[in-house]
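A structural walkthrough
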Amino acid sequence: MASGRRQKWIGWLLVNGTLFILVLLWTIPTAGLFISSWRTRIDIQTSGWWTVFPHREWTTVAVLDPKELGLDSTAVMNIEGATGTFEELRAGVETPNGDRVQWVGNRRIGRIEVQSEEWAVNWDFTTNNYKQVLMGKEFEYESPDGTVEVIPGDNFWGAILNSIAVAIPSTVIPILIAAFAAYGFAWMKFTGRRLLFIMVVALLVVPLQIALVPILRDYSKLDLNGTFLAIWLAHTGFGLPLAVYLLFNYIRTLPREILESAFIDGASHFTVFVRLILPLSLPALASFAIFQFLWVWNDYLVALIFLGGNPETEVLTMRLANIVGSRGNDWHLLTAGAFVTMVLPLVVFFSLQRYFVRGLLAGSVKG
């Protein structure tokens, strides 16, 4: 009895410990992204995000002039009890009392800093990053050397609205079509049903990249390139195989007695589908809606191919990519912009998560 309890406790500890480590490893980058989005430009460029927690760092307590001390940078020097060459002092040499002496600059023009290691926290947070990203406001940044740089803002609202205009129809349209198809495969008898279903499932293994060029050529003939309709149709086609397969596995497990009772009462297939199948299939519909919405919202390749570089139809992923390309050093804007793109998908996921597991397990358990 004691051995069984011990094994059960060890198994519980291994499972939960592994899950805790995985969640922690997954959460740390997100926490770093969130903290960095509130830090100033100078802080991001000079220190890590983890400096917001108490830590030990070197703080300058005195500044000395090498010329006044009469030091020869070509020889071994002794400063405040620290002895070393110019190269060693550039890296920093500790003194007997625990301080550090560091030569800052070159041999001709430089200074000597006496530094003491102290506890510190970097809580210099700002909302300017989000103002610059969301409101398009220009901000002036003063560098440590005194130079002032004016950075133009990035108004994300247009890209946010474009992403919503792309994601919602690209999620709703394949769900409606796939629900009809799944019901037909599950409960309607017609010639070639099994063959058609096999062909739909086989499309799951076809990479979407091989279809981009043929579809782009067809869109060029139809004059659809650069329009929202083009990307709606593309995402619908790419998402339909998984949607049909997922919904089919759920709809075929619904009780047959309910449908037979409806047919006896004179209900048509359309009535049964609208009044019974759709309400009962809400977990599966919500599960696929989460998958499809996240896929479309985070998509960059399909949007770039079919929408092009038109600023009027630019989505969030393209806007972020442009920030990386034009101002790759502005991590304060990249982190703020990246966190803005996470807000709506998180809202969608947490609002539908109660259906998520139920929809994924559809068809796996009978009875």
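Just above sits the structure.
Report follows, based on the coordinates. Just so you know, the residues in each chain are numbered from 1, in the order the chain's sequence is written. The predicted origin of the model limits local features to residues at a pLDDT of at least 70 and limits the giving and counting of side-chain atom pairs to 80 or more, whereas totals for whole chains, interfaces and linings rest on all residues. The side-chain numbers reported here are obtained from all heavy atoms of the structure, hydrogens and water having been left aside.

**What to know about the packing of aromatic side chains**
Centres within 6.5 Å make a pair out of two Phe, Tyr or Trp rings, where for Trp the six-membered ring is used; the pair is then stacked when the planes are under 30 degrees apart, edge-to-face when over 60, and tilted otherwise. Counted according to the given criterion, the structure contains 15 aromatic pairs. Seen in terms of ring centroids, Phe34 and Phe339 are 4.8 Å apart; in terms of plane orientation they differ by 50°. Their pairing is tilted. Separated by 305 residues along the polypeptide, Phe34 in helix α1 (residues 2–36) and Phe339 in helix α15 (residues 331–360) bring together distant segments of the chain. When a residue's accessible area, from a 1.4 Å probe over protein chains only, is under 20% of the maximum for its type it is buried; when over 50% it is exposed; and in between it is partly exposed. Classification of Phe339 as buried rests on a relative accessible area of 18%. Plain terms: the ring middles of Phe185 and Phe197 are 5.4 Å apart, the flat faces sit at 65° to each other, and that makes the pair edge-to-face. Within this pair, whereas Phe185 is found in helix α6 (residues 157–187), its partner Phe197 is found in helix α7 (residues 193–202), the two being separated by 12 residues in sequence. One exposure class covers both Phe185 and Phe197, and it is buried. Linked through ring pairs, Phe34, Trp38, Tyr130 and Phe339 together constitute an aromatic cluster. Only runs of H or I of at least four residues qualify as helices and only runs of E of at least two qualify as strands under DSSP, and these elements are numbered from the N terminus.

**A short note on the sheet that holds strand β5 (residues 100–105)**
We call two strands paired when DSSP finds no fewer than two bridges between them. Across the sheet, 4 strands lie side by side as β1-β6-β5-β4; this open sheet has antiparallel pairing. In the strand order of this sheet, the two ends are held by β1 (55–64) and β4 (93–94), each with one partner. Where β1 and strand β6 (residues 110–120) come together, 9 bridges link them in antiparallel fashion. Across the sheet, the residue bridging to Val63 is Glu113, located in β6.

**Some details on the environment of Leu352**
By secondary structure assignment, the location of Leu352 is in helix α15. According to the relative accessible area criterion, Leu352 is partly exposed, its value standing at 23%. Taking the C-alpha atoms as reference points, Leu352 and Phe270, 82 residues apart in sequence, are found 26 Å from one another. In this analysis, two residues are considered to be in contact whenever any of their non-hydrogen atoms come within 4.5 Å of each other. Those residues in contact with Leu352, other than ones at most four positions away along the chain, are Ala286, Ala289 and Ile290.

**Here's the deal with empty space enclosed by the protein**
With a 1 Å grid laid over protein atoms only, a set of points is called a cavity when a 1.4 Å probe fits there but cannot get out and a pocket when it is open yet has protein on both sides within 12 Å along at least five of seven lines; lining residues have an atom within 4 Å of a point. Grid points are joined across faces, edges and corners, and a volume is the space filled by probe spheres set on the points. Applying the stated rule across the entire model yields 1 cavity of 30 Å³ or more. Each pocket or cavity is described by its volume, and for the largest cavity that value is around 70 Å³. Looking at the largest cavity, the residues that line it are Ser163, Val166, Ile231, His235, Val296, Trp297, Asp299, Ala303, Val315, Leu316 and Thr317. Within the residue set of the lining of the largest cavity, elements represented by two or more residues are α6, α9 (228–251), α12 (282–297) and α14 (316–326). In this classification, Asp, Glu, Lys and Arg are treated as charged, Ala, Val, Leu, Ile, Met, Phe, Trp, Tyr, Cys and Pro as nonpolar, and every other residue, Gly included, as polar. Here the residues of the lining of the largest cavity sort into 7 nonpolar, 3 polar and 1 charged.

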